[in-house]
Amino acid sequence: MTNLTFLPLALIGVIGSGIGIGLIGMGALQAIGRNPSASGDINAKMLTAIALCEVPGLLAFAALFIIK
Amino acid sequence: MSTEHVETHATAEHQGPHIPATMGSAIPGLPYPITTTVVSTWIVMFVLFSLVFVLNRALKRESSRMKTFGLDVIRRLDAFITGTIGNKKDARGYFWLLGTFFVFIFTANIVGLLLDWAILVSPKAAEYVRPVNSDLNTTLVMGLTAVVVAQATGIYRKGVKTHFGHYLANYHGDTVAERIIAVFVGWLHFVGEFVRVGSLSMRLFLNIFVGATLISVAVYVGSLIPSFGTGIFRIISMPFWFFELLVAFLQAYIFATLSGLYLREAVEEVSH
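A brief look at the structure comes next. None of these values were measured; they are calculated from a predicted model.

Here the focus is the overall build of chain A. For chain A, the helix and strand inventory stands at three helices and zero strands. Put simply, chain A runs from its N terminus to its C terminus through helices and strands in the order α-α-α. Referenced to the eigenvectors of the C-alpha coordinate spread, the extents of chain A come out at roughly 50 × 15 × 15 Å. Across chain A, contacts joining residues at least 24 apart in sequence account for 74% of those joining residues at least 6 apart.

Here it is as structure tokens:
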């Protein structure tokens, strides 16, 4: 059984990750709005940045299940 | 958790969502400890080798759909790796590594998602298979391979002294203060090489593991909705399943991109 005592702590990490991914998406959309012809390059960089950004949230979420 | 605690909760365990273990467990009834991850890897290898066999036969023919498909995959991978590493010669030289990372991780993730259906049909299948990349051992080996190959390339291209001198004794700058800072930054880069192994492997492992957890939690929540004993509302896990299809592609892409970036640092000339 999973101990849900740490659920609020885990959710703090997920909040930060979500804000970060939102900011990355905002920046990418603004950049594409300014220069639509560069959208392919920007998309690739955006995906890389999102993958870097979502790791803390996933760590917090997985730690919830790993700590018993 | 103590043993008597487990025993009291043994019956209650079936009521909660099925949270997968963080590592593959040994298959019951075998004399050798073969884990579920290894069996899943064999399945992935079987899929990949069958695909290679079919593609190899198709390449010898005049034209066929499989041939077009295979050539298209290779062309796209080549363009992607050339864009990551920066020049065409080195991209061809490291196609074997980055292309294998992409194809293997993507196939493993897709096969792992399809195995979710097998587990849904017969829950006993969970004792034999699990998504390959939701085991830290697999991803750790792949992350180590990426970083070790990048380091070996750096040593081969620049020489041992230049390569490690860049990390440990980076005396560059005009003033004394700049040189001291440069040395510390070099040490940080040296520690960062070890962090890269962890970050590469943990990113892939956590994404796939959390995805599997998310799907099982959604299946559990769906089974709580009253449906006259059919359990049809477990279908609410479908959006998560399709999201995991996106993640499956994205993580393969990210892993290959980041390995390519590390290789790019190794193959390109030192700027100072």
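All names here are of chain B. Following the criterion strictly, the structure yields two cavities of 30 Å³ or more and no others. One number sums up the size of the largest cavity: a volume of about 100 Å³. As for the largest cavity, its lining consists of Asn 109, Gly 112, Leu 113, Asp 116, Pro 131, Ile 208, Gly 211, Ala 212, Ile 215, Glu 244 and Ala 248. Where the lining of the largest cavity is concerned, the elements lending two or more residues are α5 (95-121), α8 (176-224) and α9 (238-267). When the residues that make up the lining of the largest cavity are grouped by side-chain class, the tally is six nonpolar, three polar and two charged. By volume, the second largest cavity amounts to about 30 Å³. Forming the walls of the second largest cavity are Leu 200, Arg 203, Leu 204, Gln 251, Ile 254, Phe 255 and Leu 258. Of all the secondary structure elements, the ones that give two or more residues to the lining of the second largest cavity are α8 and α9. Counting residues per element, the lining of the second largest cavity draws most heavily on α9, which supplies four residues. Looking at the lining of the second largest cavity, its residues break down into five nonpolar, one polar and one charged.

A separate point is the interface of chain B and chain A. Facing the 20 residues of chain B at the interface are 15 residues of chain A. Interface area, chain B with chain A, both sides summed: about 1600 Å², of which 82% is carbon and sulfur. Together, Arg203(B), Leu206(B) and Val210(B) form the three largest contributors to the area buried by chain B at its contact with chain A, with a combined 27%. Inspection of the region where chain B meets chain A yields zero salt bridges.

Another point: the environment of Val47(B). All names here are of chain B. Among the structural elements, Val 47 can be located in helix α2 (residues 36-59). Classification of Val 47 by relative accessible area gives partly exposed; the value is 35%. Linking Val 47 and Ala 150, residues 103 residues apart in sequence, is a C-alpha distance of 29 Å. Beyond its immediate chain neighbours, meaning those up to four positions away, Val 47 contacts Thr 107 and Val 111.

So, how was this worked out
Residues numbered from 1 in each chain as written. Chains lettered and ligands numbered in written order. Predicted model: local features only at pLDDT ≥ 70, side-chain atom pairs only at ≥ 80, totals over all residues. Heavy atoms only, no water. Helix = DSSP H or I, 4+ residues; strand = E, 2+ residues; numbered from the N terminus. Contact = heavy atoms within 4.5 Å. 1 Å grid on protein atoms, 1.4 Å probe; cavity = no way out; pocket = protein on both sides within 12 Å on 5 of 7 lines; lining within 4 Å. Points joined across faces, edges and corners; volume = space filled by probe spheres on them. Nonpolar A, V, L, I, M, F, W, Y, C, P; charged D, E, K, R; others polar. Buried area = accessible area lost by both parts, 1.4 Å probe. Salt bridge = Lys/Arg side-chain N within 4 Å of Asp/Glu carboxyl O. Buried < 20%, exposed > 50% of the residue type's maximum accessible area, 1.4 Å probe, protein only.

Spatial relationships are all this shows, so hold off on functional conclusions.
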